[in-house]
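What follows is the residue order along each chain.
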Amino acid sequence: MSQVPLHIATEFPARSLEEWRRLVDKDLKGKPFTSLQSPLDGGLTLQPLYASQDAAPPPPGVAPYVRGTHALGHTEGGWLVCQEYAEPDLAVAAEAIRNDLERGTLAVWLCLGPARGIPVKDEATMERLLSSVLLDRTPVHLESESAPVSMASLLLGVATKAGVSHKALSGSLGIDPLGILARTGALPGGVDGTFTEAAPLVISLSGRAPELRALLVSTRAYSDAGATSVHELAWAIATGVEYLRGMERAGVSPEVAARSVQFALSVGGQFFPEIAKLRAARLLWAKVVAASGGSPEAQAMRLHARTASATKTQRDPWVNILRGTAESFAAIVAGADSVSTSPFDEPLGAPDEGARRLARNTQLILRDESSLNRVADPAGGSYYLEQLTTEIARAAWTELQRIEGLGGMEKALVQGDIARVLTETRAARDKAVRTRKQPIVGVSEFPFLGETPVKREARKASGVEASAEAGKSVALKPSRISEPFELLRDASDRTLAAKGQRPAAFLASLGAVAEHTTRSMWVVNALAAGGIESREKHGFADPAAAVAAFVESGAALAVISGPDAMYPEWVPALTSQLKARGARVVAVAGRPGDNEAAFRAAGVDLFIYAGADLFSLLSSLQTQLGVA
């Protein structure tokens, strides 16, 4: 049977963006168009509608590589499933590597150093660490806290001893002087000293080890310290520019230097902006290398993506599995060459085998069951993502120009400019977290006070002292977005351990269940974010009945919750009676409005409502309740 094609599109004539805007303005009935816009990380704005752009980016595999560096998307077999290791016990780290390589891991990323990594001291310990790694088949990436050229030489020495030619090696040697300076605050010998030391190695490997990158641009320090996606991208490119210049001063051409750089960016919780960030990274790097005289082949960025540490939580850490899945998915859609998914229990200490298995299998499912390795640039053609890529690239380029105006990335670090910017961005982020404008599931939103802790052995704690030698700056402090609320939960746990019970609140829910349920459940959820249990009662005939239930509860905090219409009559009388019967603190759920003065005169201590600084309110409550 022949089929008659349907031409539905011809029945609906195309409408212009201007026509759509006129209809929207009419429907808004006086509200500003900006009410339909939403702020994004880095000062960008999410529009309610995106339309086709005049010019589409070139196809995958063509400079400037917005759509990926491979013509058919990921190389055969897909991106590389890469596992990171920072285990302070060398033997445990070596066994973890062996176990993971046997079960699907394709590449290893080694964080080296005595403070936050594997303590490799000499060639013998490097050989023990890599005893199960087939160096001619497995990409090995290094990221060192100090002495990066020495660490690189140790890896090359182990390969030579094993009879593996440099040509067969792949991965990266991790020479990242600015990354070390940002993380530790010091770089013995200085940045230029590192360039001078690394130059012969870069030149030597350029012809003999085409798949082994000597230089590393890692944004770990900036991402962990609270950088926005725009700042992280801009500072990555600014670091790459610094490396091209530094290597040229050391006698290495931009063409050779560009082919020697490996980028490693973090992927956070804003799904689409993070995809656009990685796509924009390839675009900007291609433009930088092209401006330096590099060939189209040298303009192709080698990009590793890791799931962000700042987004992970210690409380309800199982939710980290979902966060890691979304972040890994974003990295893959964006076309990363290799991806590291952090184990869900990473914030608790050294991950165990089960957590690494979950992390590894997250990527294996995305590859083998979801077939993401079979699609070239899944984000291509999306008006939203294409435009967002352009907007992030432009914003990052503006920040790059600002850094260049300061004299480059090294001066921006040493002079404290990067630390200053991060202080500002963290303040804005923390405000959004404290008000729950940026909710954290399992911590500030829907916390579960009865969760069973996931116990892990803590990492060894040791500091890195800043050196008085060249290249000294302010070390960037890592922070996770959930830390403020987790501090409150820690204090609640200490109270539970010392007194046998958590701080508690008596929740006086006024009116019928249908009248107070929404607000009361919101209050229960909000109080739990501070480790405060709720003992709820409702259906009181008069204030005296509510006070009797409060006394029976044994709580020191009382929260009045119900419909606003009942507050003028109930709140003053109930508050005074609660205070007379021993309530240390009385709070009211909801904004005070015109009744604030009268309510406070009756003894109300504070108001709990959406949009308030919940962290400050809960912190104040804990102090008044005597929580240690």
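Just so it is clear, the structure is predicted and the values come from calculations on it, not from any experiment.

Moving on to the overall build of the chain. Check the secondary structure of the chain and you find 21 helices and 15 strands. A compact globule built from 628 residues should have a C-alpha radius of gyration of about 25 Å, and the chain, at 28 Å, falls within 12% of that. Counting only C-alpha atoms, the chain reaches 85 × 70 × 60 Å along its principal axes. Classification of the 628 residues of the chain by burial places 54% in the buried group. Partitioning the contacts of the chain with sequence separation of at least 6, the portion at a separation of at least 24 is 77%. Accessible surface for the chain amounts to roughly 27400 Å². Of this, 55% is attributable to carbon and sulfur atoms. Within the chain, one finds 65 positive and 69 negative side-chain charges whose respective centroids are separated by 2 Å.

The end-to-end C-alpha distance of helix H11 (residues 319-333), which contains 15 residues, comes to 22 Å, matching closely the 21 Å that a straight helix rising 1.5 Å per residue would cover. Every buried residue belonging to H11 is among Val-319, Asn-320, Arg-323, Gly-324, Glu-327, Ser-328, Ala-330, Ala-331, Ile-332 and Val-333, and all of these are buried. If you follow the buried residues of H11, they end up packed against strand S8 (261-267), helix H10 (271-291), strand S9 (302-307), strand S10 (338-340) and helix H12 (353-369). Trailing H11 by a residue or two, Gly-335 shows a phi angle of about 90 degrees, which is positive.

Before going further, it helps to examine unusual backbone geometry. Of note, the amide linkage connecting Ala-63 to Pro-64 takes the cis form, showing an omega dihedral of 10 degrees. Looking at the element boundaries, Pro-64 is found in the loop between strand S2 (44-46) and strand S3 (80-85). Phi at Ser-371 takes a positive value of approximately 60 degrees, unusual for a residue other than glycine. Looking at the secondary structure, you find Ser-371 in the loop between H12 and helix H13 (383-405). A relative accessible area of 24% places Ser-371 in the partly exposed class.

Time to look at the sheet that holds strand S11 (residues 504-509). The strand order S12-S11-S13-S14-S15 describes an open sheet built from five strands, whose pairing is parallel. On the outer flanks of this sheet lie strand S12 (533-538) and strand S15 (606-608), each paired with one strand and no other. Neighbour to neighbour, the strand axes of the sheet diverge by 30 degrees on average, direction disregarded. Both strand S14 (residues 585-589) and S15 contribute to a ladder of three bridges, which runs parallel.

Time to look at the pairing of strand S4 (residues 107-112). Across the six residues of S4, six count as buried, placing the element largely inside the fold. Neither face of S4 is left uncovered, since the one carrying Ala-107, Trp-109 and Cys-111 and the one carrying Val-108, Leu-110 and Leu-112 both have all their residues buried. Assessed by its sense of winding, the connection that carries the chain from S3 through helix H2 (residues 90-101) to S4 is right-handed. Tracing the backbone out of S4, into helix H3 (residues 123-129) and back to the parallel element strand S5 (residues 140-144) gives a crossover that is right-handed.

With that settled, the discussion passes to the pattern of salt bridges. Pairing between side chains of opposite charge can happen when the charged atoms of each approach one another. Using the criterion set out here, one finds 38 salt bridges in the structure. When the shortest N-O distance is used, the salt bridge between Arg-21 and Asp-25 registers 3.3 Å. With Arg-21 and Asp-25 both in helix H1 (residues 17-28), this residue pair falls four residues apart, about one helical turn. Take Arg-21: its relative accessible area is 34%, and that puts it in the partly exposed class. With a shortest N-O distance of 2.4 Å, Glu-95 and Arg-98 are connected by a salt bridge. Residue Glu-95 and its partner Arg-98 are located together in helix H2, separated by three residues, close to a single helical turn. Residue class for Glu-95 comes out partly exposed when judged on its relative accessible area of 39%. Its relative accessible area of 29% is what places Arg-98 among the partly exposed residues. In the salt-bridge network here, residues are joined through shared partners; they are Glu-84, Glu-143, Arg-183, Arg-220 and Arg-306.

As a further point, take the packing of aromatic side chains. On inspection of all chains with the given rule, the structure shows 14 aromatic pairs. Between Tyr-222 and Trp-235 the ring centres are 5.4 Å apart and the planes differ by 70 degrees, which places this aromatic pair in the edge-to-face class. Within this pair, whereas Tyr-222 is found in helix H7 (residues 220-224), its partner Trp-235 is found in helix H8 (residues 229-249), the two being separated by 13 residues in sequence. Taking 5.0 Å as the distance between ring centres and 80 degrees as the angle between the ring planes, the aromatic pair formed by Phe-271 and Phe-272 counts as edge-to-face. Residue classification places Phe-272 among the partly exposed positions, given a relative accessible area of 36%. Among the aromatic side chains, those forming a connected cluster through ring pairs are Tyr-50, Phe-271, Phe-272, Phe-329 and Tyr-384.

Okay, the packing of helix H5 (residues 177-184) against H8 next. Direction vectors running N to C along H5 and H8 enclose 130 degrees, while the axes themselves pass 10 Å from each other. Taken together, H5 and H8 sit at an angle that is classed as oblique. Facing Pro-177, Leu-178 and Gly-179 of H5, the residues of H8 in contact are Thr-239, Glu-242 and Tyr-243. Its residues assigned to classes, the contact of H5 with H8 comprises three nonpolar, two polar and one charged.

Turning our attention to the environment of Leu-265. Position of Leu-265 among the secondary structure elements: in strand S8. In this structure, the C-alpha to C-alpha distance between Leu-265 and His-304, residues 39 residues apart in sequence, is 6.4 Å. Other than its neighbours up to four places away in sequence, Leu-265 contacts Thr-219, Glu-232, Ala-236, Lys-277, Leu-278, Ala-281, Leu-303, His-304, Ala-305 and Arg-306.

Turning to helix H18 (residues 543-553), its buried residues are Pro-543, Ala-546, Val-547, Ala-549, Phe-550 and Ser-553. Relative to the axis of H18, the buried residues are bounded by an arc of 160 degrees and lie together on one face. Turning to H18, the residues buried within the fold contact S11, S12, strand S13 (557-561) and helix H19 (567-580). Between a side-chain oxygen at the N-terminus of H18 and the backbone nitrogen of Ala-544 the separation is 3.1 Å; the capping residue is Asp-542. Downstream of H18 by a residue or two, Gly-554 has a phi angle that is positive, lying close to 75 degrees.

This part is about the sheet that holds strand S6 (residues 171-175). The sheet built from eight strands closes into a barrel, its strands ordered S3-S4-S5-S6-S7-S8-S9-S10 with parallel pairing. When strand polarity is set aside, the average angle formed by the axes of neighbouring strands in this sheet is 30 degrees. In this sheet, S9 lies alongside S8 in parallel orientation, the contact comprising six bridges. Bridge pairing in S9 places Phe-263 opposite Leu-303. Helix-sheet contacts for H2 involve S3 and S4, and the interaxial angle to S3 is about 165 degrees.

About the cut-offs
Residues numbered from 1 in each chain as written. Predicted model: local features only at pLDDT ≥ 70, side-chain atom pairs only at ≥ 80, totals over all residues. Heavy atoms only, no water. Helix = DSSP H or I, 4+ residues; strand = E, 2+ residues; numbered from the N terminus. Rg over C-alpha atoms; globule rule 2.2 N^0.38 Å. Buried < 20%, exposed > 50% of the residue type's maximum accessible area, 1.4 Å probe, protein only. Contact = heavy atoms within 4.5 Å. Areas by Shrake-Rupley, 256 points an atom, 1.4 Å probe, with all protein chains shown as cover. Lys, Arg positive; Asp, Glu negative; His and termini not counted. Charge placed at Lys NZ, Arg CZ, Asp CG, Glu CD. Expected span 1.5 Å × (residues − 1). Pairing = 2+ DSSP bridges. Axes fitted to C-alpha atoms, helices over the stretch in contact; angles between N-to-C directions. Right-handed = clockwise from strand over helix to strand, strands pointing away. Salt bridge = Lys/Arg side-chain N within 4 Å of Asp/Glu carboxyl O. Phe/Tyr/Trp six-rings, centres within 6.5 Å; stacked < 30°, edge-to-face > 60°. Parallel < 35°, antiparallel > 145°, perpendicular 65-115°, else oblique. Nonpolar A, V, L, I, M, F, W, Y, C, P; charged D, E, K, R; others polar. Arc of directions from axis to C-beta. Polar contact = N/O pair within 3.5 Å; in protein donor to acceptor, adjacent residues only side chain to side chain.

None of this, on its own, says anything about what the molecule does.
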